[in-house]
Every structure is written in C-alpha cells, then in structure tokens.
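# Structure at a glance
These are the residues of each chain, in order.
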Amino acid sequence: MTYFYIVMKSILVDLHIPTDKYILMYQGVAQNVFAHALDGRSVRFPAEILKPFLLKDGINGRFRIIFDDLGKYKGIEKIQ
C-alpha cells in the first residue's frame, strides 16, 4: 500500500494591529500587511484574510498562515 502525504508550508506571525490601522484597508489606503515571521522572514499578505479575527480592540495574537507547495495561500488560523 502506498501513502501520499500533502505537506503544507506555513509561516508564524505575531500580530498586534489596532482597529484604527486595520480600518485603513476598508478605506483603500492599506491592502497588504507586512510582518516579520517568528523565524525572521519578511512576509506580505492581503489584509482581508484577517477579517474573521478583527475584534473591537483590533487584531492580536499569533497566526499560522498556510501555503501550498507553490506558495499559494491556503488558509490562516489563530494559534494563540
């Protein structure tokens, strides 16, 4: 029997974005988030993927952004 495993690549980022800064996305001023991953890499991703995590005090926590082997976005999850 042969088993195939799909290995997803991911990056961890700690984000602390106040609501007023995140709102800039809705105004068309900001479309991307630039951050440093925990491993030191720089990463840029669309701000819209954070919408489900927006609370009245902004977006706060550690997130895992998941990509496929070609680097295409697959999902995001809050892990802390």
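Data block above holds the structure.
Everything numeric here is computed off the predicted structure, so don't read it as measured data.

Turning our eyes to something else, we now look at the overall build of the protein. Of the regular secondary structure elements, the protein holds one helix and five strands. Order of helices (α) and strands (β) in the protein, N terminus to C terminus: β-α-β-β-β-β. Put simply, the protein has 80 residues, and 30% of those count as buried. The contacts of the protein with a sequence gap of at least 6 include a subset with a gap of at least 24, amounting to 55%. Just so you have it, the protein exposes about 6000 Å², and 55% of that area is on carbon and sulfur atoms.

What follows concerns the sheet that holds strand 5 (residues 73–78). In any sheet, the strands associate via hydrogen bonds between backbone groups, in a parallel or an antiparallel arrangement. Spatial ordering of the open sheet is given by 1-4-5, a layout of three strands whose pairing is antiparallel. The open sheet terminates on both sides in strands that have one partner only, identified here as strand 1 (9–17) and strand 5. Strand-to-strand, the axes of this sheet are offset by a mean angle of 25°, without reference to chain direction. As judged from the nine bridges shared by strand 1 and strand 4 (residues 59–67), these two strands associate in the antiparallel manner. Within strand 4, the residue paired with Lys9 across the bridge is Phe67.

Bringing the packing of aromatic side chains into the picture now. The geometry of an aromatic ring pair comes down to the distance between the two centres and the angle between the two planes. Within this structure, the stated rule accounts for one aromatic pair. Relative to Phe63, the ring of Phe53 has its centre 5.1 Å away and its plane inclined at 70°; by these criteria the two rings are edge-to-face. In this pair, Phe53 is assigned in the loop between strand 3 (42–46) and strand 4 and Phe63 in strand 4, connecting sequence segments ten residues apart.

Cut-offs and rules
Residues numbered from 1 in each chain as written. Predicted model: local features only at pLDDT ≥ 70, side-chain atom pairs only at ≥ 80, totals over all residues. Heavy atoms only, no water. Helix = DSSP H or I, 4+ residues; strand = E, 2+ residues; numbered from the N terminus. Buried < 20%, exposed > 50% of the residue type's maximum accessible area, 1.4 Å probe, protein only. Contact = heavy atoms within 4.5 Å. Areas by Shrake-Rupley, 256 points an atom, 1.4 Å probe, with all protein chains shown as cover. Pairing = 2+ DSSP bridges. Axes fitted to C-alpha atoms, helices over the stretch in contact; angles between N-to-C directions. Phe/Tyr/Trp six-rings, centres within 6.5 Å; stacked < 30°, edge-to-face > 60°.

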